[in-house]
Amino acid sequence: MNLVVVSNRVSRGKPNEPMTGGLAAALLPVVEKTGAIWVGSSGRVRDGNLKEPFAEVEALGAGALAMLDLPAAHYGGYYEGFANSALWPAMHSRADLIRASREDYTSYREVNAFMARALLRFRKPDSVFWVQDYHFLALGAELRDLGVTQPIGFFLHTPWPARAVIAGVPNHRELIEAMLSYDLIGFQTDEDCENFLSYVQHDLDFELRDGVINSSFGRTRAAVFPIGIDPGKFAQQATKAMTHPDVTRLRRSLNGEKLAIGVDRLDYSKGLVNRIKAFDKMWTLHPNLKRSVSLLQIATPSRGAIEAYGNLQSEVAKLVTDVNGVHGEVDWTPIRYLNKGFGQGVLAGLYRTAQVGVVTPLQDGMNLVAKEYVAAQNPADPGVLVLSKFAGAANELDAALLVNPHDIDGMARTLATALAMPLTERRMRWEAMMEKLNSGTIQQWFADFIEALQDTHNAGNAALPEPPTLWPRRTADFAARYH
């Protein structure tokens, strides 16, 4: 099998390189161990009509990374426009933030078409294509249009919203019909999968049977594959990182006080505003916790050119300043707020240092930070995970302290409970969560998806129509196509 993995960006995975999201952390070990080729954007763009996409290829373990310069004329509309101003808010049930123009949708489809052309270079008779995330909902259709008949799977790392929300995305019907060119579509949770199938059944009126969609585009299976981590490797990183200068300086600076930690991209889906308000409320309700516990919040900026993100960055920074101003003292800062990323090794040490891990998104596909925090703990003296019930990880890590991220007072009380939890209960909860992590590793996720993809394809579930079928359904003007 020649596995070709596709995502928007490719991470080189250098030891000290900050991770910008869970997808990179998940895919790097897959590439290194299996010999897969990981194809994605280099982060650069090129002007002009790129008739033959150019890929810079470099080795990574047993596999390789292939980085493409995307077309400058369409990158902004594709990435900041349709993908992150229309699809991302929709996926996280923020219909009020959906913004997209006809030009943005055109650019989104153009970049999907461009990527499909680039992938032909890596096609072999035994190739299996595995497409990642919302940036490439239509990539399977583009590959089929180019004559690709090999297995093509898709995995969505974000949630999939209810029918009424996805219907707010321009050209939603056309996009979801294009998704039916995939043999297998994977989701993080049962709810995500059910939401997708509900749309297909009620809005597209296609036949469903045991998660298999029979449509004019062939047969597509939708199923759940909760993504995991390598808990053993992460535990080793955490132990090793305790001697890293960043970690040792943090430990010295605590002067015996307890630490809570949050690690997130600066995104409205992560619930940062409510989290900070919960700590504010905790210190107000429990003044004895002042000077005895602080929060380290790492919030890596992203998508700053999008208005909603710029507004959020300003709001969070002001709120941190206000809370520190109210509760802080001349020699104590309640919230340590950092707008920069850290490599996985250092993060593992920071997680192990903290007595409480705070993962409270308003909506999340999985949230691997929750799993990483648990894996990083000292088995003899583990910390407590406070986890939003709206994170995909809550379906597995039900021994965490689950919270409603919209309930500020409830979160404040739960944080105080976590800080006071006795060792016996902490160990019991941690052991239960580690059992879940060890039974659902990243290796198992990979193996399960690829096996299901090949089985689905071999069973005849990829009975595809002739390539032109999808094109007449496009509503935008595609005069400047790249193939």
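Residues numbered from 1 in each chain as written. Predicted model: local features only at pLDDT ≥ 70, side-chain atom pairs only at ≥ 80, totals over all residues. Heavy atoms only, no water.

S.K.: Could you give an account of the pattern of salt bridges, with specific residues and numbers?
M.R.: Summed over the entire model, instances satisfying the criterion amount to 23 salt bridges. Linking R163 and D203 is a salt bridge whose minimum nitrogen-to-oxygen distance equals 2.7 Å. Taken together, the residues span a long stretch of sequence, with R163 in helix α5 (residues 163-166) and D203 in the loop between α7 (190-202) and β8 (207-209) at a distance of 40 residues. Under the relative-accessibility criterion, D203 is labelled partly exposed at 26%. Of the charged contacts, one joins R209 and E207 as a salt bridge, the two residues approaching to 3.8 Å between their closest N and O atoms. Judged by relative accessible area, R209 falls into the exposed class, the value being 58%. We classify E207 as partly exposed; its relative accessible area is 42%. (Salt bridge = Lys/Arg side-chain N within 4 Å of Asp/Glu carboxyl O. Helix = DSSP H or I, 4+ residues; strand = E, 2+ residues; numbered from the N terminus. Buried < 20%, exposed > 50% of the residue type's maximum accessible area, 1.4 Å probe, protein only.)

S.K.: Summarise the sheet that holds strand β15 (residues 384-388); cite the residues concerned and give the values.
M.R.: Taken together, six strands build an open sheet; the order of strands is β13-β12-β11-β14-β15-β16 and the sheet is parallel. Whereas interior strands pair on both sides, the edge strands pair on one side only; in this sheet they are β13 (335-338) and β16 (401-403). Pairwise comparison of adjacent strand axes, ignoring direction, gives a mean angle of 20° for this sheet. Of the pairings in the sheet, the one linking strand β14 (residues 356-359) to β15 comprises four bridges and is parallel in character. Across the sheet, the residue bridging to V358 is V386, located in β15. (Pairing = 2+ DSSP bridges. Axes fitted to C-alpha atoms, helices over the stretch in contact; angles between N-to-C directions.)

S.K.: Can you break down the nonpolar core residue by residue, with the values?
M.R.: Counting residues in hydrophobic clusters, the biggest one holds 101 residues, and the most contacted among them are L139 and F196. Among the elements that take part in this core, helix α2 (residues 72-91) stands out by supplying 10 residues, more than any other. Shared between two domains, this core holds at least three residues of each, these being domain 1 (2-227 + 442-459) and domain 2 (231-440). By size, the runner-up hydrophobic cluster in this structure holds 68 residues, among which are L27, V31, M242 and L437. (Core = buried A, V, L, I, M, F, W, Y, C linked by side-chain atoms within 4.5 Å. Domains from an automatic or database assignment.)

S.K.: I'd like to hear about the packing of helix α6 (residues 172-179) against α7, residue by residue, with values.
M.R.: In contact at an axis separation of 11 Å, α6 and α7 are set at 105° when each is read in the N-to-C sense. It follows from the interaxial angle that α6 and α7 lie roughly perpendicular. Contact residues: α6 offers H172, R173, I176 and M179, while α7 offers F196, Y199 and V200. Grouping the amino acids of the contact of α6 with α7 by side-chain chemistry returns five nonpolar, one polar and one charged. (Parallel < 35°, antiparallel > 145°, perpendicular 65-115°, else oblique. Contact = heavy atoms within 4.5 Å. Nonpolar A, V, L, I, M, F, W, Y, C, P; charged D, E, K, R; others polar.)

S.K.: How would you summarise the environment of Y78 if you had to cite specific residues and measurements?
M.R.: With respect to the helices and strands, Y78 occurs in helix α2. On a C-alpha basis, the gap between Y78 and N378 in space is 43 Å, while along the polypeptide they are 300 residues apart.

S.K.: Kindly report on the sheet that holds strand β9 (residues 212-215), identifying the contributing residues and their values.
M.R.: Pairing is mixed in the open sheet, where 10 strands are placed in the order β3-β4-β2-β1-β5-β6-β7-β10-β9-β8. The open sheet terminates on both sides in strands that have one partner only, identified here as β3 (55-60) and β8. Going from strand to strand, the sheet's axes swing by 25° on average, the running direction of each strand aside. Note that strand β1 (residues 2-9) and strand β5 (residues 127-132) share five bridges and pair parallel. Looking at the pairing, V5 lines up with W130 of β5. Sitting on the sheet, α2 is in contact with β1, β2 (37-46) and β4 (63-71), with an inclination near 100° to β4.

S.K.: Give a description of unusual backbone geometry that names residues and reports values.
M.R.: With a phi angle near 55°, N255 is a residue other than glycine that sits in the positive phi range. The topology assignment puts N255 in the loop between α9 (245-254) and β11 (258-265). Taking relative accessible area as the criterion, N255 reaches 71% and is therefore assigned exposed. Even without glycine at this site, R291 takes up a positive phi of about 70°. Here R291 lies in the loop between α10 (272-285) and β12 (293-300).

S.K.: Tell me about helix α3 (residues 102-119), and please be specific about residues and values.
M.R.: Helix length check: α3, at 18 residues, gives a terminal C-alpha distance of 26 Å against a target of 26 Å (1.5 Å per residue), a fit within 8%. Taken across its 18 residues, α3 has 15 buried, putting it largely inside the fold. (Expected span 1.5 Å × (residues − 1).)

S.K.: Now, about the confidence of the model for the protein: what can you tell me, with residues and values included?
M.R.: Here the protein shows a mean pLDDT of 91. Residues at 70 or above account for 92%. Of the regions scoring below 50 in pLDDT, residues 461-465 engages in 18 contacts with residues more than four places distant in sequence or in other chains. Note that residues 475-480 has pLDDT below 50 and, in this model, 13 contacts with residues that lie over four places away or in other chains. (pLDDT = per-residue confidence, 0-100.)

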